[in-house]
Amino acid sequence: MMPRFLLAVLAIVAAAGCRFDADYAGGHYTCRDGVCPSGLACVAEVCVAPGAIDAATIDGVVADGAPPDANPPARACDDPGLIGRGAPVMVTGDTSGGVNHVSGSCGQTILNGPDQVWRVTAVAGDDVDVTLAGDALLRAYVIRTCAPVPDTPACDGDAYARPGVPLQLTGVAAGDLFVLVDGEAAALGGTYTLTVHVRP
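Keep in mind that what you see is a predicted model, and the values were worked out from it rather than measured. (Residues numbered from 1 in each chain as written. Predicted model: local features only at pLDDT ≥ 70, side-chain atom pairs only at ≥ 80, totals over all residues. Heavy atoms only, no water.)

Enquirer: Tell me about the state of the cysteines, residues and numbers included.
Expert: A complete count under the given rule lists 2 disulfides for this structure. Here C77 pairs with C146 through a disulfide, and the sulfurs are 2.0 Å apart. Because the torsion about its S-S bond is -70°, the bridge between C77 and C146 counts as left-handed. Here the residue C77 occupies a position in the loop between β5 (61–62) and β6 (81–82), and C146 occupies one in the loop between β12 (138–143) and β13 (167–169), the gap between them amounting to 69 residues. (Disulfide = S-S within 2.5 Å. Helix = DSSP H or I, 4+ residues; strand = E, 2+ residues; numbered from the N terminus.)

Have a look at this one:
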């Protein structure tokens, strides 16, 4: 009697079908592996609706080139531009007439020119390639803690990229990395094209 009853229950369940429908809107999900539910994008290890982010990149892919709202990032430590992980991301900027937010220390050099700050979130063991083109006075470097002046945070790898000379870091620790475009001369800035590739 019992086996027939179980068979009948299983037949009813099978006939009814099994369906799962989830709505992930309005939730808060992390994406340390870069994967989000359908309809959400992974930015700085958080799944967000593509229209809700304040940046021109989604998962390392340039979107429409304009921020979704009227407040573009200030490109300072507390409001950096965002760069996605996984694919090379190219951004442009101009530090002329800007502010010296950070004075990074790379070897024997203190970079105290006007700067712009970009942030990317790395996974443990990632490699980071930084290429800089533009004004010859500019440098690009990576720091772990974006500490404003008068602090002088040390550059990762104790090195920087300059036009024609890329920076390569291997096996970085997990977490936020700040990529700065800066200069050695206190009052001199310039235009640049920065390419950052954070990859497994």
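Still to come is the rest of the account.
Enquirer: Please set out the pattern of salt bridges residue by residue, giving values where relevant.
Expert: Considering all chains together, one arrives at 5 salt bridges under this definition. Measuring nitrogen to oxygen at the nearest pair gives 2.6 Å for the salt bridge that ties D126 to R85. Of this pair, D126 sits in the loop between β10 (116–122) and β11 (127–134) while R85 is found in the loop between β6 and β7 (89–94), placing the two residues 41 residues apart along the sequence. What makes R85 partly exposed here is its relative accessible area of 25%. A salt bridge links D129 to R199; the shortest N-O distance between them is 2.9 Å. Note that D129 is positioned in strand β11 and R199 in strand β15 (residues 191–199), a separation of 70 residues in sequence. You can call D129 buried: its relative accessible area is 17%. (Salt bridge = Lys/Arg side-chain N within 4 Å of Asp/Glu carboxyl O. Buried < 20%, exposed > 50% of the residue type's maximum accessible area, 1.4 Å probe, protein only.)

Enquirer: Break down the nonpolar core for me, with residues and values.
Expert: One finds V130 and L194 to be the most contacted residues of the largest nonpolar core, which totals 23 residues. For this core, the element with the highest residue contribution is β15, accounting for 4 residues. C106, I143, C146 and F178 belong to the second-largest nonpolar core, a separate cluster that totals 11 residues. (Core = buried A, V, L, I, M, F, W, Y, C linked by side-chain atoms within 4.5 Å.)

Enquirer: How would you explain the sheet that holds β12 if you had to name every residue and give the values?
Expert: A sheet is described by the order of its strands in space; here 4 strands give the open sequence β6-β10-β14-β12, paired in mixed fashion. Edge strands, defined here as strands with exactly one partner in the open sheet, are β6 and β12. (Pairing = 2+ DSSP bridges.)

Enquirer: Report on the pairing of β15, specifying residues and quantitative values.
Expert: Of the strand pairs in this sheet, β7 and β15 are connected by 6 bridges, and their pairing is antiparallel. From the neighbouring strand, V91 faces β15, where its bridge partner is L194. In the sheet, β11 pairs with β15 via 8 bridges, with the strands oriented antiparallel. Its bridge partner being in β15, G134 is matched across the sheet by Y192.

Enquirer: Any details on the sheet that holds β15? Residues and values, ideally.
Expert: Read across the sheet, 4 strands follow the order β7-β15-β11-β13 without closing on themselves; strand pairing throughout is antiparallel. Strands at the two margins of the open sheet, each flanked by one partner only, are β7 and β13. With direction set aside, neighbouring strand axes in the sheet form an average angle of 15°. (Axes fitted to C-alpha atoms, helices over the stretch in contact; angles between N-to-C directions.)

Enquirer: Tell me about the environment of P166, and please be specific about residues and values.
Expert: If you trace the backbone, P166 turns up in the loop between β12 and β13. Among the residues examined, P166 registers a relative accessible area of 49% and is labelled partly exposed. Sequence-distant contacts of P166, that is, excluding residues within four places in its chain, are made with V130, T131 and A161. (Contact = heavy atoms within 4.5 Å.)

Enquirer: Talk me through the environment of V89; I want residue IDs and the actual numbers.
Expert: Its place among the elements puts V89 in strand β7. Accessibility expressed as a relative area gives 1% for V89, which makes it buried. Sequence separation between V89 and V196 is 107 residues, and the spatial gap between their C-alpha atoms is 5.3 Å.

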